[in-house]
Amino acid sequence: MLGNGNGNGHRRAATSADGALIGVEDLEPPRWAEVDQKVAGAGVWETVRELPMAARLVVGLSFRASPGRTVLAGVVQLASGCASAFGLFATAGVLTQLLTAGPTPERVVASLPAIAAVVAAFALRGLLDSAVSAVQGVLMPLVRRAAQDRLNSAVAEVELLAWEDSDFQELARQGGYQGVQAVESSVRSIASISSALVSLAAALITAALLDPWLLPALLVPTVAEAWASMRAAKQGYVNFLSLVTRRLRLHVVENLLVARDVGTERTALNLQEPLLAEHRRIADQVTEEAIRAEHRQTWTRLIGRTLAGTGTGLAYCVLGVLLYTGAMPLAIAGAAVIAMRAAASSLSTTMVSVNRLYEHSFYLRFYTELLAESARRRRPATGVPAPRNPETIRLENVSFTYPDADEPALVEVDLTFHRGEVVALVGENGSGKTTLGKLITGLYPPTEGRVLWDEVDLATADARSVYEQVALIDQDPARWPMTADTNIRIGNLAAPEPYGATWETSLRESGADEVLAKLPRGPGTILSRQFRGGHELSGGSWQRLSVGRGIFREHAAVLIADEPTAALDAKAESRVFAGLQRATKGSLDDAHRTTVLVTHRLANIRRAHRIVVMDSGRVAETGTHEELMQANGLYRELFSIQARAYSTARSCTQCNIAQAAE
Ligand SMILES: Nc1ncnc2c1ncn2[C@@H]1O[C@H](COP(=O)(O)OP(=O)(O)OP(=O)(O)O)[C@@H](O)[C@H]1O
């Protein structure tokens, strides 16, 4: 069952006695799953109205993927239905002629044209069915591709902050997998419904023409079967929703069992057994619930079939009564039986297909919901380009809170950065330095206040024109599973001279030249162990590539370097800091770029034009090194702690170890 959310992300911390390895047993379901619970609780009629929406979406996608093949599929499918209908009329004709009074040889001869028509109808039906399979076989992968592409394009445009929202992440996972799969499967269901409906209509019309009483008699099993199928489908969907969080947990644990990035700790901490136990525990719950749901669905289907069987029995009773009372001649009865059997068979095909589409419609909802949510979370194109090489970047009373966070990460920040400045951001862990870097560059929008590049509020500027001018050396750099040189070149894929002077400078200033020189296949070595022959780098080497990437983005007007040397050795570190100082000049002819440097190594930033000290999301102090030392505040305290460690005869590390031992 879904948890009863109280809105704070999770409810109770589990103890080890609970056996929940993740630490929280009762995770809150995503918001969209709560909404869908309402959908699942809606009446059958309300949800049946979803079917045309589902059909419209899938046919629309199919049409966009291949208009010609979509029309062809529709025509061939309808023709196949018509061939079945024609076969039914012809069969009814044969039986009527065979059962009329008179000598048998004459009746057989008289029915020969009708028999020929039956054979022709079935042959045509066979041919058309093959054509249907052929067209569908081509159309389905095309529709899948179109659906996936539409989704990818929508998701690729969402703002960065959306990925901080766990609801959106899970919706993207479900929509991308279940949703796209449902689109593809729905093509077959819709095609089969259109053909089965033609056959069903033919059977019902034949039955009604033979005797109008047969029509209501045939509708009873139809309604019973329809009710049961839809109810069972909805029960399946409710079950799916109730297991969303547990399946997510299962997925996370499955991933931990095979993920390479946690492989070392997984082995060294002997975590395989606890992870397996956790997986089995959740899998047991999911399986039990799935079996219970299957039982519920089986009961529903059984009730539906019983009612449908009773209905069919009633229909045959009606036929018997019609024959007994002489209301229907015996010659017509054979055709009536054929029409009734054809109606039952078409009905069953229609129901199976409608039911499948009905099931898919729940998952198509993820798809449409993800498209809509992505559109909502996309930064609209405003047509206002960000100023090129802004003279100033001003934060006015800026506050920022992460989605679902209780506390703000930044509070009422007022700051101005000037072109050509190197500004260092310092402060304790969690004081808001990284977050501030993301706001300066427009990667996150402020919750309150404004970020202005010159006089343009970034909220009104086209996002791409902002990012185009940003170089970001991330604290935890991306390890692009590409060749080593591409790992640097993606800093500026449009560089007119990819291996020109800027390339050389980037390699030299970042120390990436030494990394490339040691690679087994040189710059063309693939840096991912996912690929055969792929190579892995040390943490420091990855960081050098990241710095190289930042410097290679020479046209950027704003450079944010977040802990760019945390993993570097002392020699590489001093080289990188000197390189970043020089890179501040950039390639801008008439101006320097603005560099923001986030670091804990205070000795490296004494030459920064300005130092901003952050404390609990607020700006605590600003000034040059000398000014801040004189102010005798937080900066001086942090600096003195580091300086003391370096000024003793022993190294800081030895010092700390010695102190700990004492
Ligand atoms: N993705 C996130 N979602 C929610 N909260 C976050 C996220 N990233 C950071 N925070 C919170 O925002 C606050 C500021 O974090 P930030 O990473 O900006 O600090 P920092 O000064 O860069 O820290 P450090 O020196 O450890 O890198 C912290 O309280 C942190 O827990």
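Residues numbered from 1 in each chain as written. Predicted model: local features only at pLDDT ≥ 70, side-chain atom pairs only at ≥ 80, totals over all residues.

The name given to the protein chain in an unreviewed UniProt entry is ABC transporter ATP-binding protein, with the source organism recorded as Saccharopolyspora aridisoli. According to its UniProt record, the protein chain has this under Subcellular location (unreviewed entry): "Cell membrane". (UniProt positions renumbered as here; feature names shortened; annotations may be inferred.)

Novice: I would appreciate a short explanation of the environment of Tyr 237 in the present structure.
Specialist: Topologically, Tyr 237 is positioned in helix H7 (residues 214-242). Judged by C-beta crowding, with 22 C-beta atoms within 10 Å, Tyr 237 ranks as buried. Remark: the alpha-carbon pair of Tyr 237 and Met 53, spanning 184 residues in sequence, is separated by 18 Å. (Helix = DSSP H or I, 4+ residues; strand = E, 2+ residues; numbered from the N terminus. Buried ≥ 20, exposed ≤ 12 C-beta atoms within 10 Å, placed from the backbone.)

Novice: Would you explain the site of the ligand in this entry?
Specialist: Neighbouring the ligand are 13 residues; Tyr 402, Ala 409, Asn 429, Thr 434 and Thr 435 lie closest to it. In terms of residues, the shell around the ligand owes the most to one element, helix H12 (residues 433-440), which gives 3 residues. In the shell around the ligand, the residues fall into 3 nonpolar, 8 polar and 2 charged. (Near = placed C-beta within 6 Å. Nonpolar A, V, L, I, M, F, W, Y, C, P; charged D, E, K, R; others polar.)

Novice: How do you make sense of the sheet that holds strand E6 (residues 470-473) when you look at a structure like this?
Specialist: What links the strands of a sheet is backbone hydrogen bonding, and the strands pair in either a parallel or an antiparallel sense. If you trace the 6 strands from one edge of the open sheet to the other, you get E6-E7-E8-E3-E9-E10, paired in mixed fashion. Both edges of this open sheet fall to E6 and strand E10 (618-623), since each of them pairs with a single strand only. The mean angle between the axes of side-by-side strands here comes to 15 degrees, regardless of whether they run parallel or antiparallel. By the bridge criterion, 4 bridges tie E6 to strand E7 (residues 558-562) in an arrangement that is parallel. Counterpart to Ile 473 in the pairing with E7 is Ala 561. Packing against the sheet, helix H17 (residues 539-552) makes contact with E6 and E7, and its axis sits at approximately 170 degrees to E6. (Pairing = 2+ DSSP bridges. Axes fitted to C-alpha atoms, helices over the stretch in contact; angles between N-to-C directions. Contact = placed C-beta atoms within 7 Å.)

Novice: For this particular structure, what's the right way to read the sheet that holds strand E4 (residues 448-453)?
Specialist: Within the open sheet, the 4 strands sit side by side as E2-E1-E4-E5. Their pairing is antiparallel. Each of the sheet's edge strands pairs with one partner strand only, and the pair in question is strand E2 (410-418) and strand E5 (456-457). Inspection of the sheet shows strand E1 (residues 392-400) paired to E2 by 6 bridges, in the antiparallel sense. Following the sheet pairing, Thr 392 is matched in E2 by His 418. Strands E1, E2 and E4 of the sheet are contacted by H12, whose axis makes an angle of about 125 degrees with E1.

Novice: Help me understand the domain arrangement of the protein chain, please; the structure alone is not making it clear to me.
Specialist: Reports often express the size of an interface as the amount of accessible area lost when the parts come together. Taken domain by domain, the protein chain holds domain 1 (31-376), domain 2 (392-469 + 555-661) and domain 3 (480-552). A separation of 51 Å is found between the C-alpha centroids of domain 1 and domain 3. (Domains from an automatic or database assignment.)

Novice: Sorry if this is basic, but what is going on with the pairing of E7 here?
Specialist: Along any regular strand the residues' side chains alternate between the sheet's two faces. Most of E7 sits out of view: 5 of its 5 residues are buried. Side chains Val 558, Ile 560 and Asp 562 project from E7 onto one buried face, and the interleaved Leu 559 and Ala 561 project onto a second face that is buried too.

Novice: I tried to follow the UniProt feature "transmembrane region" (unreviewed entry) in the protein chain on my own but got confused; where do I start?
Specialist: Listed under "transmembrane region" (unreviewed entry) in the UniProt record, and renumbered for this structure, are residues 71-96, 108-128 and 302-324. End C-alpha atoms of residues 108-128 are separated by 29 Å, and the span's content is 100% helix alongside 0% strand. As a span, residues 302-324 carries 100% helix and 0% strand, and end to end its C-alpha atoms are 32 Å apart.

Novice: Honestly, the nonpolar core in this entry has me stumped. Any pointers?
Specialist: Note on soluble globular proteins: their nonpolar side chains tend to be buried together. Among the nonpolar cores identified, the biggest contains 85 residues, and Ala 207, Leu 214, Ala 336, Ala 339 and Ala 343 are the most heavily contacted of them. Among the elements of the structure, helix H3 (50-65), helix H4 (67-99), helix H5 (104-156), helix H6 (166-210), H7, helix H10 (272-324) and helix H11 (330-376) are those that each provide at least two residues to this core. If one sorts the elements of this core by residue count, H11 sits on top with 20 residues. When near neighbours in sequence (up to four residues on either side) are disregarded, Ala 339 contacts Leu 88, Ala 92, Ala 203, Thr 206, Ala 207 and Leu 210. Residues Phe 552, Ile 560, Ala 561 and Leu 628 belong to the second largest nonpolar core, which totals 65 residues. (Core = buried A, V, L, I, M, F, W, Y, C linked by C-beta atoms within 7 Å.)

Novice: Mind showing me how you'd approach unusual backbone geometry here?
Specialist: Most peptide bonds take the trans configuration, and most residues that are not glycine carry a negative phi. Its identity is not glycine, yet Asn 389 carries a phi of approximately 45 degrees, on the positive side. For Asn 389, the location among the structural elements is in the loop between H11 and E1. Its identity as a non-glycine residue notwithstanding, Ser 616 has a phi of 50 degrees, on the positive side. With respect to the helices, strands and loops of the structure, Ser 616 is situated in the loop between strand E9 (610-615) and E10. Look at Ser 616 and you get partly exposed, because 15 C-beta atoms sit within 10 Å.

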